[in-house]
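Breakdown of the fold
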Amino acid sequence: MERGKMAELESLETAAEHERILREIESTDTACIGPTLRSVYDGEEHGRFMEKLEARIRNHDREIEKMCNFHYQGFVDSITELLKVRGEAQKLKNQVTDTNRKLQNEGKELIIAMEELKQCRLQQRNISATVDKLTLCLPVLEMYSKLRDQMKSKRHYPALKTLEHLEHTYLPQVSHYRFCKIMVDNIPKLREEIKEVSMSDLKDFLESIRKHSDKIGETAMKQDCRYNQWKIIAKIFFSLLLSPNDKAITLLVNNPRHHVLAQQQRNLDNIVSQHPRISGGKKSKKEVCANSDLEVKNTSPMSEQDSGILDVEDEDEDEEVPGAQDLVDFSPVYRCLHIYSVLGARETFENYYRKQRRKQARLVLQPPSNMHETLDGYRKYFNQIVGFFVVEDHILHTTQGLVNRAYIDELWEMALSKTIAALRTHSSYCSDPSLVLDLKNLIVLFADTLQGYGFPVNQLFDMLLEIRDQYSETLLKKWSGVFRNILDSDNYSPIPVTNEEIYKKIVGQFPFQDAELEKQPFPKKFPFSEFVPKVYNQIKEFIYACLKFSEDLHLSSTEVDDMIRKSTNLLLTRTLSNCLQNVIKRKNVGLTELVQIIINTTHLEKSCKFLEEFITNITNVLPETVHTTKLYGTTTFKDARHAAEEEIYTNLNQKIDQFVQLADYDWMAVEPGSKASDYLVDLIGFLRSTFAVFTHLPGDVDAHSTMSGKVAQTACMSACKHLSTSLMQLLLEAEVRQLTLGALQQFNLDVEECEQFARSGPVPGFQGDTLQLAFIDLRQLLDLFIQWDWSTYLADYGQPTCKYLRVNPTTALVLLEKMRDTSRKNNVFAQFRKNERDKQKLIDTVAKQLRSLINSHHS
């Protein structure tokens, strides 16, 4: 029962739900029926729903059929009446058509006549109105045509004036026409077009002067170079006027300073002329100036051509060098300035011009990375800078306010700092003094050119003083190589002369006077070798080179003199001195060469006073002037001579050491040999042949014999002392632990050979036995041991008249110990003999007393 009730309840609920869905379908829009149908399919009774849906459809169909059956008779009646009305309407239409056709036929001629009359009056009225309007429009069109012609021919400033008349006078009278409105709308565009075209001309002008600024600068620098030429000519001319006598003229012509000035001016001509020219037309300075003046005064450009740089043909030397205004047509600048002024945008134009030129200035001031390699790099750099500021200076003086002095000064300060920095950097790479000198001349010309345009250039001249120090260093390096070549190629032999011509040539190269040598017949020899006149002339060439750099630096004669003297001192004390020292210290240099170097440096030392006179002549500053720097050549040559002497002594001592190393003594020999040792005989022979060189030196008997004699005496004394010391060290060296009386006697024979050499006078000039005193220490020591004179030595020790005054007790004790050890070793059984025992006791006693002397001396 319960299940039946539940099924019945569910059936009722489903029927109610289906009824609700059907009502919803009937009342809902078709587009929104989807959710409703979805709820049917979500349930499980969709079959029953379909049955209900079909039953509902059949019910609606029955209702529609009933309604149609009820209204059918009325519909049929209406159709019948409508068919009757259609027939009547067709009849009425035919009647209207016939009537209209008849009316048209009757009024056709009248309509044609009326239409012709209307058209005629309309044409008459239009013609009259057209004539009136054309009378007003023709001037406007003529002005506009004129404007287009002016624009087409690039006469922009007159076009701007025409545009103003058209806008303010003509267009307001016909402003209601469409073409006038188009013109009015085009006026701002035309103004902008004029501005753009004039600005384009200006840009072309700026680009052109940027590309050709080096040409402009070259021309300006050439003008300054010509001016300097006339200054030098005038200087020499007035000097001739002030000193009209023949002697003064000769001195003036032969003045080395004037030769340097002339040579420098030739170098300047080469510096500024080595630049390719641009061929083409030439415009006169007068014409361009007239054009620019008229443009400034009338605010109307005389030339409407778009131009920038005017090409210039090659001029001959005698023709006038064109100025910047001859090379540059400034009309684009003037024209653009006037146009912008009329348009009320002058400030905009000024700012643009200054901004662009400032950018160009930075580009111009940027040096190429390889500028230091050739002079052309510096020349182009300077030409561009000069060209830039020449143009700006011209703009400053021919326009009112486009650029001002403050703007120019600001650009110049920037240019000066960047130029000096670039020159400091790139000039530091220059190692060729000729390039540094050409660079200096170029900088001077650069500074003088810009100074002529009113720019301050003191900093450039201050920088040149810095480059001067660098130039001196490069000169010193160059002359170091020159001196090395001269010294390396010299044969270190006196210069032979075979005739008068050669003699005068050498005397003309080097200030040498010797009456004795002049009297001698040919062939004869100068005392010095070839490097003396060569070195002397190279020193003068160095002075010339220093003078070349000092010219045109706005320095006083005293400053120039001081600079030359300081540089020459550096050349002498550092460069030449080092070269001489290197030659002297070479391993393969011989004693003959060293002696010749001593003679050469003596003559060079004497020539220093002539160098002083030479500097005085070219600077016109007397040596007696206060604060005048003196030449230190005397010290340089003295030091070189002393170094050569020391090298002689050192070489001799080294040779002696080599011979002494060959010594081979038998320190245990019982009996001495019959003669001196072979090594010592060879050593004495070497010394004799060596010192014979000093007695055959050529030249002035008084001067050179005295000089070489002193060197020979000192060398001989030094050699004998060194030989004595070496023999003493050989005798006392620690490796020699024992020695016999026979070995000592053989050693005595060698010392006697040395004394014989000293007595023979290998070098003249020694007084008495002076040379023998070099061996006095050895002689007294050997006499003491060979004669066994200990009683005398011990009794007289410490007295000035002591026979063995040069014998040191420590030395004697060392030698005695070596002899005592020998005696003990070789005479083991000798102690049983009375004589040997007494001798051993004596040795012990002497050794004890020597130790006592040593201890008392130390205390």
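Conventions used here
- What you see as residue numbers is a count from 1 along each chain, following the sequence as written.
- Only residues with pLDDT of 70 or above have their local features reported here, since the model is predicted, and side-chain atom pairs are shown and tallied only from 80 upward, although totals for entire chains, interfaces and linings are computed over all residues.
- Only hydrogens and water are set aside; all other atoms, that is, all heavy atoms of the structure, feed into the side-chain values.
- The numbering of helices and of strands both runs from the N terminus, where a helix is a DSSP run of H or I of at least 4 residues and a strand a run of E of at least 2.
- We call two residues contacting when some pair of their heavy atoms lies within 4.5 Å.
- Note on areas: these come from Shrake-Rupley sampling with a 1.4 Å probe, and a residue is covered only by the protein chains present in the view.
- For this analysis, a ring pair means two rings from Phe, Tyr or Trp (six-membered ring only for Trp) whose centres lie within 6.5 Å, classed as stacked if their planes differ by under 30 degrees, edge-to-face if by over 60, and tilted for the remaining angles.
- Exposure is judged per residue with a 1.4 Å probe applied to protein chains only, and the accessible area is read against the type maximum: over 50% gives exposed, under 20% gives buried, and values in between give partly exposed.
- Like-charged residues within 9 Å of one another, or nonpolar side chains (Val, Leu, Ile, Met, Phe, Trp, Tyr) within 5 Å, are grouped into patches, provided each residue has over 30% relative accessible area and no salt bridge.
- When a carboxyl oxygen of Asp or Glu is within 4 Å of a side-chain nitrogen of Lys or Arg, the pair counts as a salt bridge.
- For this count, His and the chain ends are skipped, Lys and Arg are scored as positive, and Asp and Glu as negative.
- To locate a charge, take NZ of a lysine, CZ of an arginine, CG of an aspartate or CD of a glutamate.
- Working rule for helices: expected span equals 1.5 Å times residues minus one.
- Every angle, taken between N-to-C directions, lies between 0 and 180 degrees, and every axis is a line fitted to C-alpha atoms, over only the stretch in contact when it is a helix.
- Roughly parallel refers to an angle under 35 degrees, roughly antiparallel to one over 145, roughly perpendicular to one between 65 and 115, and oblique to any angle outside these ranges.
- For any pair of crossing helices, the crossing counts as left-handed if the nearer helix is rotated counterclockwise from the farther one by less than a right angle, and right-handed if it is rotated clockwise.
- Amino acids are sorted into nonpolar (Ala, Val, Leu, Ile, Met, Phe, Trp, Tyr, Cys and Pro), charged (Asp, Glu, Lys and Arg) and polar (every other residue, Gly among them).
- To define a nonpolar core, start from buried Ala, Val, Leu, Ile, Met, Phe, Trp, Tyr and Cys residues and group those joined through side-chain atoms within 4.5 Å.

Our focus in this paragraph is the overall build of the protein. A count of helices and strands for the protein gives 30 helices and two strands. Partitioning the contacts of the protein with sequence separation of at least 6, the portion at a separation of at least 24 is 79%. Of the roughly 48200 Å² of accessible surface on the protein, 52% is carried by carbon and sulfur atoms.

Under the definition given, this model contains 32 aromatic pairs. Ring geometry for Phe389 and Trp412: centres 5.3 Å apart, planes at 90°, overall edge-to-face. With Phe389 in helix H13 (residues 375–398) and Trp412 in helix H14 (residues 405–427), this residue pair connects regions lying 23 residues apart in the sequence. A residue is classified by how much of its surface remains accessible, and Phe389, at 2% relative accessible area, is buried.

Residues Lys355, Lys359, Arg362 and Lys418 make up a contiguous surface patch of positive charge. The element that contributes the greatest number of residues to the positive patch is helix H12 (residues 346–364), accounting for three residues. When you line up the elements, Lys359 lands in helix H12. Owing to a relative accessible area of 41%, Lys359 belongs among the partly exposed residues under this scheme.

As a further point, take unusual backbone geometry. Omega for the peptide link from Phe522 to Pro523 comes to -5°, which places this bond in the cis form. Along the polypeptide, Pro523 turns up in the loop between helix H18 (515–519) and strand S2 (524–525). In this model, Asn620 sits at a positive phi of 60°, which is unusual for a non-glycine residue. By secondary structure assignment, the location of Asn620 is in the loop between helix H22 (608–619) and helix H23 (633–660).

Here the focus is H22. With twelve residues, H22 extends 17 Å from end C-alpha to end C-alpha; this agrees with the ideal 16 Å at 1.5 Å per step. One or two residues past the end of H22 sits Asn620, with phi positive at roughly 60°.

Right, let's get into the packing of helix H21 (residues 591–606) against H23. One can describe the packing of H21 onto H23 by two numbers: an axis separation of 9 Å at closest approach and a directional angle of 165°. By the angle class used here, H21 and H23 are roughly antiparallel. In this structure, H21 meets H23 at a crossing whose hand is left-handed. Between H21 and H23, the residues in contact are Leu591, Leu594, Val595, Ile597, Ile598, Thr601, Thr602, Leu604 and Glu605 and Thr634, Phe637, Lys638, Ala640, Arg641, Ala644, Glu645, Glu647, Ile648, Asn651 and Leu652, respectively. Its residues assigned to classes, the contact of H21 with H23 shows eleven nonpolar, four polar and five charged.

Quick look at the environment of Val532 now. As for its position among the elements, Val532 is in helix H19 (residues 531–550). Distance from Val532 to Ile486, taken between C-alpha atoms, is 9.4 Å for residues 46 residues apart in sequence. Contact partners of Val532, with chain neighbours within four places excluded, come to Phe510, Asn600, His603 and Leu604.

Of all hydrophobic cores here, the largest spans 183 residues; its most connected members are Ile648 and Phe747. Residues Tyr144, Tyr157, Leu160 and Leu163 belong to the second largest nonpolar core, which totals 20 residues.

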